[in-house]
Amino acid sequence: MDIKEIYMDADALLEGHFKLSSGNHSQYYLQSAKVLEDPKTVKLLADELAKQIRASGLKIDTVCAPALGGLIAGFALAQALDCRSIFAERVNGEMSIRRGFEIKEGERVLMCEDIITTGGSAMEAARVVKSLGGVIVGVAALANRGFCKRENSNLVTKANCKLPQDIPFFALEDFTFEIHSPDTCPLCKDGSEAIKPGSRGN
Ligand code: ZN
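Residues numbered from 1 in each chain as written. Predicted model: local features only at pLDDT ≥ 70, side-chain atom pairs only at ≥ 80, totals over all residues. Heavy atoms only, no water.

Draft legend 1. Just helix α4 (residues 120-131), in detail. The terminal C-alpha atoms of α4 lie 17 Å apart, and with 12 residues this matches the ideal 16 Å at 1.5 Å per residue to within 8%. Turning to α4, its buried residues number three or more, namely G120, A122, M123, A125, A126, V128 and V129. Buried-residue contacts for α4 involve β3 (62-66), β4 (84-91), β5 (94-96), β6 (108-116) and β7 (135-144). Positive phi appears at G133, one or two residues downstream of α4, with a value of about 105°. (Helix = DSSP H or I, 4+ residues; strand = E, 2+ residues; numbered from the N terminus. Expected span 1.5 Å × (residues − 1). Buried < 20%, exposed > 50% of the residue type's maximum accessible area, 1.4 Å probe, protein only. Contact = heavy atoms within 4.5 Å.)

Draft legend 2. How the structure looks around the state of the cysteines. The full count for this structure, using the stated rule, is one disulfide. Not part of a disulfide, C112 finds its nearest cysteine sulfur in C64, a span of 9.6 Å. With a relative accessible area of 0%, C112 lands in the buried category. (Disulfide = S-S within 2.5 Å.)

Draft legend 3. Quick look at a negative patch on the surface. Taken together, the side chains of D2, E5, D9 and D11 define an acidic patch exposed on the protein surface. Looking at the secondary structure, you find E5 in helix α1 (residues 3-9). (Patch = residues over 30% accessible without salt bridge, like charges linked within 9 Å, V, L, I, M, F, W, Y side chains within 5 Å. Areas by Shrake-Rupley, 256 points an atom, 1.4 Å probe, with all protein chains shown as cover. Salt bridge = Lys/Arg side-chain N within 4 Å of Asp/Glu carboxyl O. Lys, Arg positive; Asp, Glu negative; His and termini not counted. Charge placed at Lys NZ, Arg CZ, Asp CG, Glu CD.)

Draft legend 4. A look at the coordination of the zinc ion. Around the zinc ion, the protein supplies H17 (NE2), H25 (ND1), C185 (SG) and C188 (SG) as donor atoms, at distances of 2.0 to 2.4 Å. Taken together, the four donor atoms surrounding the zinc ion define angles of 94 to 120° at the centre, an arrangement classified as tetrahedral. Read N to C, the donor residues that coordinate the zinc ion are spaced as H-x7-H-x159-C-x2-C. Of this pair, H17 sits in strand β1 (residues 13-19) while C188 sits in helix α5 (residues 186-189), and the two are 171 residues apart along the sequence. On the basis of relative accessibility, which here comes to 29%, the residue C188 falls in the partly exposed class. (Donors = N, O, S within 2.8 Å, 3.2 Å for Na, K, Ca; no water. Tetrahedral: all angles 85-135°; square planar, octahedral: opposite > 155°, others 65-115°.)

Draft legend 5. Structural context of the sheet that holds β3. Here six strands make up an open sheet; going across it, the order is β5-β4-β3-β6-β7-β8 and the pairing mixed. Strand pairing shows two members of the sheet lacking a second neighbour, β5 and β8 (169-174), which therefore form its edges. Here the average twist between neighbouring strands, direction ignored, is 25°. Where β4 meets β5, three bridges bridge the pair, whose relative direction is antiparallel. Bridge assignment links R90 to a residue of β5, and that residue is M95. Its contacts with the sheet place helix α2 (residues 39-56) against β6, β7 and β8, and it is angled at close to 135° to β8. On top of the sheet, helix α3 (residues 71-81) reaches β3, β4, β6 and β7; it is set at about 135° to β6, its chief contact. (Pairing = 2+ DSSP bridges. Axes fitted to C-alpha atoms, helices over the stretch in contact; angles between N-to-C directions.)

Draft legend 6. Layout of the packing of aromatic side chains. One pass over the full model with this rule turns up five aromatic pairs. Between F87 and F101, the aromatic rings sit 5.2 Å apart at their centres with planes inclined by 80°, giving edge-to-face as the arrangement. Placement of F87 in strand β4 and of F101 in the loop between β5 and β6 is noted, with a sequence separation of 14 residues between them. Classification of F87 as partly exposed rests on a relative accessible area of 22%. Ring geometry for F175 and F177: centres 6.5 Å apart, planes at 70°, overall edge-to-face. Each member of the pair, F175 as well as F177, carries the same accessibility label: buried. Taken together, the aromatic side chains of Y7, Y28, F175 and F177 make up a single cluster linked through ring pairs. A cation sits over an aromatic face here: K4 above F175, 5.6 Å from the ring centre. (Phe/Tyr/Trp six-rings, centres within 6.5 Å; stacked < 30°, edge-to-face > 60°. Lys NZ or Arg CZ within 6 Å of the ring centre and 35° of its normal.)

Draft legend 7. View of the side chain of E107. You can see E107 is positioned in the loop between β5 and β6. Ignoring sequence-local partners within four residues, the contact set of E107 consists of D61, T62, R84, E102, G133, G134 and V135.

Below you can see the structure in the form of structure tokens.
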């Protein structure tokens, strides 16, 4: 399955000359929610990710996704793995588990995101799951920004990766883009102008 092509077709992976919120420039931009617009695509991706996870032999009771980004991927993955689906959400800046979701002592929880950059939000939510007695058995995401090493990839974990190294990280594809400072951006040098992706302010 060509994951990059699926993202391209869904306009979730844009190619051009983009100005990122950090001020840096990039030739690519990942608008990861766009790939989740079509429920058929979500099912396709979640089934593929579930296949990988099942092949690893990992036992999972529950998938937990940090809201908002992880919600759709988390639910779809839980459906594909035939297990429970819960989510964590931020309340006054603090990640928490509410809405009556309970976690049993020793419950085996897989954290799930639509995309993992450094894994910060996933790990924040994981700490809450652990504080309630859950055991974090792995992390899953549809896409990986390339800072954390996933199963079946040769990419090396970078210093800013926040995922623990002693549990598996499953993702369908690495999306590693070069980021340029505006002063040294080769696309600027070629004379094009960087645009803000999602010009409607998203
Ligand atoms: Zn540029």
